[in-house]
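Letter by letter, the chains look like this.
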Amino acid sequence: MRQIALTAAVVLTAAVLHAHDFWIEPSTFHPEPGSTVSVGLRVGQDFVGDAVPRVSTAIERFVVIQHGDEESIAGMEGTDPAGWFQADGRSTAVIAYRSRTSLVEMAPAKFEEYLRLQGLENVIKIRMKRGEHLKPSRELFSRCAKALLTGKQTSPTATQPLGLRYEIVPSHDPTVSTAPFVGRVLYEGRPLPGALVIAVWQSNPAVRMGARSGRDGAFSFAFPHAGVWLIKSVQMVDAPSGSGAEWESLWASLTFEAPGSAAMKHN
Amino acid sequence: MKKLVIVALALLVLLPAAMQASDHADPMTLKEPLSNITGLFFFPKGDQMILIMNVRRALTAPKPYQLSPFSYVVHMDLHSKVTYDDPDFKARYGGTVVNPSGLKDDVLITFRLNDDTTVKEKTFVGLTNPEAIQVWTGTRDDPFIFPRFFKKNVISMVMSIPLTSFPAGQQDWILWGTTHKGDEMLDHVGRSNRSQLGRFDFLNTLKVQDQVPAILDRMKSRDKLYNFFNQYKQTQPIAGLVQYVWQIRKYDIAPDVMIYSNRFPPGFPNGRQLPDDIVGITCLYGDCILQELAYVEGKFPRQTVNDKPFLDTFPYLAEPWPDSPEKPPLKSIWPLVIMWLVIILILIVIENWIVVKIFCRRRQYR
């Protein structure tokens, strides 16, 4: 059994959610073969998100991988949904979105609050050590979102890293498995230990769980309910020199619909 | 000035698409006018389904028409799943075809016509009791309610198909029409005012099963084109034109088929009946170029009924207009282009000759 530092489910209050959550919301998580799936991008909290229209200058990669084939997702500039594709339906499809970086400035107190909410206490310590804790922050941020859609059978792609800079990678296909969710967080392709990973249930966003990744980047959740889940995590590193920012954050998310076991349905 | 030049160039490239879009004359490059589909109608009448396919726009010339090389085909899919829960798609297309790639010819109706518009050959595949199907072919008034086609005829193929020819309990029909010359597909029709729009010209020679992937591909390439022009101050007007004429809309991702369901009252977009005001209805949902042109070319207020009353009895289409000479076909631009190229070439030669002469004379003086 892989090393998991902390898997105890923690019920978090609504206040801990930061308004920066970003996730992929397809028109369906169970497309029929040949059907057209629209891909919405959402930013918000409690699974209530504002639509993020397609802005090509903000997109680094926006693709769907079906049966091993990767294709870019078509879309119309400035509109929501941000894209469409035709579902293959043969196996689990993976949608991936990687944004370019944007710059944000924040007052020191607000920045510190946000760092705590995202489990980035190490950054608070570093800022303190550097004497930056009373200064406003300048932060680059970018998104690394994924969604899994069911197909007739599971696909190896569902459990493979796609090369996103920060990425949540399930260890088994959670769209077909009712076993506890086990996954890893990878930063630049390597396991990231100590990252806070949060899972939120769409049907009732008050139901959420948190875990810290282990040395091998692994974490797990035993979902109490079937349905659509959002798994998310934030990584923060020093911003590249010359970028005009001190910090760079990477926001990873994974959305999918977990099938129900008899026990789950009972709950 | 520069801006004017850029806009003029863009107009030159893009406006033909917009203008051609208006004349229910798709495909835009009208190689074979006699294969050009001008309308597809499907509606119930008692215990019959009436099916009409019209070809040859703006017809006023007398017979014969050299129709024998062409075949005219109506395809029907009777098994594919159609859903009606998306109000956008129901309003525009009559419903949603869940798996467009899986569309099949459960019914295939093929006509070949003699040059006098009588039936040369007809086949009905997938329909029971085909001898009970009543057929009429010939010239009739163009039923499209649009000023440019008032007082014009079309060549019609009209069928009255007993409901008993379809599988018992059939509720949903997906149909489309194609024309062919030998193995070459020349034109396609599905929902009215779709494939004649400039942004959809590519659909006219595509199999219906391949249309959605092709639409998604065009969506990508045209969005790139739009974004390219939209990023510079000088080219932004071109981006506006690309958006209006070419860009694939978010509601365009559907195969070009006609959907009819007896779960709902007949009439566009649930099938199509002869009096349907396609120009007005399609404008309600975003495609307004025909409505604009109806105001440009027609009288006020816009006419929303046909220019001749339809018949109450089979074949339902209005009697044809009298024959009259047609406008000669448009000239080719190539002679003009070649003439200008020759003039430019001559001017270059003269200019070079003068330069050489001056150069030689100067050398002589030295």
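Residues numbered from 1 in each chain as written. Chains lettered and ligands numbered in written order. Predicted model: local features only at pLDDT ≥ 70, side-chain atom pairs only at ≥ 80, totals over all residues.

Student: Looking at this model, I keep getting lost on the overall build of chain B. Mind explaining?
Tutor: Helices and strands together make up the secondary structure of chain B, namely 7 helices and 12 strands. Expressed as lengths along the three principal axes of its C-alpha atoms, the size of chain B is roughly 100 × 45 × 45 Å. Counting every position in chain B, which comprises 366 residues, the buried fraction comes to 39%. Taking as baseline every contact in chain B between residues at least 6 positions apart, the subset at least 24 positions apart corresponds to 70%. (Helix = DSSP H or I, 4+ residues; strand = E, 2+ residues; numbered from the N terminus. Buried ≥ 20, exposed ≤ 12 C-beta atoms within 10 Å, placed from the backbone. Contact = placed C-beta atoms within 7 Å.)

Student: What is the right way to read the nonpolar core from this model?
Tutor: Considering soluble globular proteins, one finds that nonpolar side chains tend to be buried as a cluster. In this structure, A:Ile95, A:Trp229, B:Phe42, B:Ile174 and B:Leu175 are the most contacted members of the largest nonpolar core, which totals 137 residues. Counting residues per element, this core draws most heavily on strand S2 (residues 48-59) of chain B, at 8 residues. Residues in contact with A:Trp229, not counting those within four places in the same chain, are A:Ala199, A:Val200, A:Trp201, A:Gln202, A:Phe223, A:Phe256 and A:Ala258. B:Phe229, B:Ala239, B:Leu241 and B:Val242 belong to the second largest nonpolar core, which has 7 residues in total. (Core = buried A, V, L, I, M, F, W, Y, C linked by C-beta atoms within 7 Å.)

Student: Looking at this model, I keep getting lost on helix H7 (residues 334-365) of chain B. Mind explaining?
Tutor: An α-helical turn contains 3.6 residues, so a residue and the one three or four places further along point in the same direction. For H7(B), spanning 32 residues, the distance from its first C-alpha to its last is 47 Å, which sits close to the expected 46 Å at 1.5 Å a residue. Along H7(B), only 0 of the 32 residues are buried, which leaves the element largely exposed. (Expected span 1.5 Å × (residues − 1).)

Student: Explain the interface of chain B and chain A here, please?
Tutor: A common way to express how large an interface is: the accessible area buried when the components associate. Contact with chain B, which involves 18 residues of that partner, is made by 15 residues of chain A. For the side of chain B that touches chain A, the class distribution of residues is 9 nonpolar, 5 polar and 4 charged. (Nonpolar A, V, L, I, M, F, W, Y, C, P; charged D, E, K, R; others polar.)

Student: So what exactly am I meant to see when it comes to the sheet that holds strand S1 (residues 37-45) of chain B here?
Tutor: Whenever strands of a sheet pair, they do so through backbone hydrogen bonds, lying parallel or antiparallel. All names here are of chain B. Sheet architecture is open: 4 strands sit in the order S1-S2-S9-S8, paired in antiparallel fashion. The sheet is open, and its two edges are formed by S1 and strand S8 (134-141), each paired on a single side. Taken over all neighbouring pairs, the strand axes of this sheet differ in orientation by 15° on average, direction set aside. Here 8 bridges tie S8 to strand S9 (residues 153-162), and the two strands are oriented antiparallel to one another. Across the sheet, the residue bridging to Asp141 is Asn153, located in S9. (Pairing = 2+ DSSP bridges. Axes fitted to C-alpha atoms, helices over the stretch in contact; angles between N-to-C directions.)

Student: Could you clarify how one ought to interpret the environment of A:Pro108 in this entry?
Tutor: Residue and element names in this part refer to chain A. Following the sequence through the fold, Pro108 ends up in helix H1 (residues 108-117). On the neighbour-count criterion, Pro108 (14 C-beta atoms within 10 Å) is partly exposed. Distance from Pro108 to Pro33, taken between C-alpha atoms, is 50 Å for residues 75 residues apart in sequence. When sequence neighbours within four positions are dropped, the list of residues in contact with Pro108 reads His133, Leu134, Lys135, Pro136 and Ser137.

Student: I would appreciate a short explanation of the confidence of the model for chain A in the present structure.
Tutor: Low pLDDT marks regions whose predicted coordinates should not be analysed in detail. Residues with a pLDDT of 70 or more make up 90% of chain A, whose mean pLDDT is 90. Confidence drops under pLDDT 50 across residues 1-19 of chain A; counting only partners more than four residues distant or on other chains, this segment forms 37 contacts. (pLDDT = per-residue confidence, 0-100.)

Student: I would appreciate a short explanation of the packing of helix H3 (residues 211-230) of chain B against helix H4 (residues 236-245) of chain B in the present structure.
Tutor: A pair of packed helices can be characterised by two numbers: the angle between their axes and the separation between those axes. All names here are of chain B. Following both chains from N to C, one finds H3 and H4 inclined at 155°, their axes separated by 7 Å at the closest point. In terms of axis orientation, H3 runs roughly antiparallel to H4. You can see that H3 and H4 cross each other, and the crossing is left-handed. For the pair H3 and H4, the contacting residues are Arg222, Leu225, Tyr226, Phe229 and Asn230 in the first and Gln236, Ile238, Ala239, Val242 and Gln243 in the second. Residues of the contact of H3 with H4, tallied by class, amount to 6 nonpolar, 3 polar and 1 charged. (Parallel < 35°, antiparallel > 145°, perpendicular 65-115°, else oblique. Left-handed = near helix turned anticlockwise from the far one by under 90°.)

Student: Just checking my understanding: could you explain unusual backbone geometry for this structure?
Tutor: Backbone phi values are negative for most residues with the exception of glycine, while trans is the configuration of most peptide bonds. Cis peptide bonds are those with omega within 30 degrees of zero, and the linkage from A:Asp80 to A:Pro81 qualifies with 0°. Its location among the elements puts A:Pro81 in the loop between strand S5 (69-72) and strand S6 (83-86). We note that B:Arg56 has phi near 70°; this positive angle belongs to a residue other than glycine. For B:Arg56, the position within the fold is in strand S2. In this structure B:Arg56 comes out as buried when scored by C-beta crowding, with 24 C-beta atoms within 10 Å. Its identity is not glycine, yet B:Lys151 carries a phi of approximately 60°, on the positive side. Examined against the element boundaries, B:Lys151 turns out to sit in the loop between S8 and S9.

Student: Would you explain the confidence of the model for chain B in this entry?
Tutor: Residue and element names in this part refer to chain B. Mean pLDDT over chain B stands at 92; residues scoring 70 or higher make up 92%. Within the model, the stretch residues 15-23 combines pLDDT values under 50 with 19 contacts to residues more than four positions away or in other chains. Scored by ipTM, the complex comes to 0.85, with pTM at 0.87.

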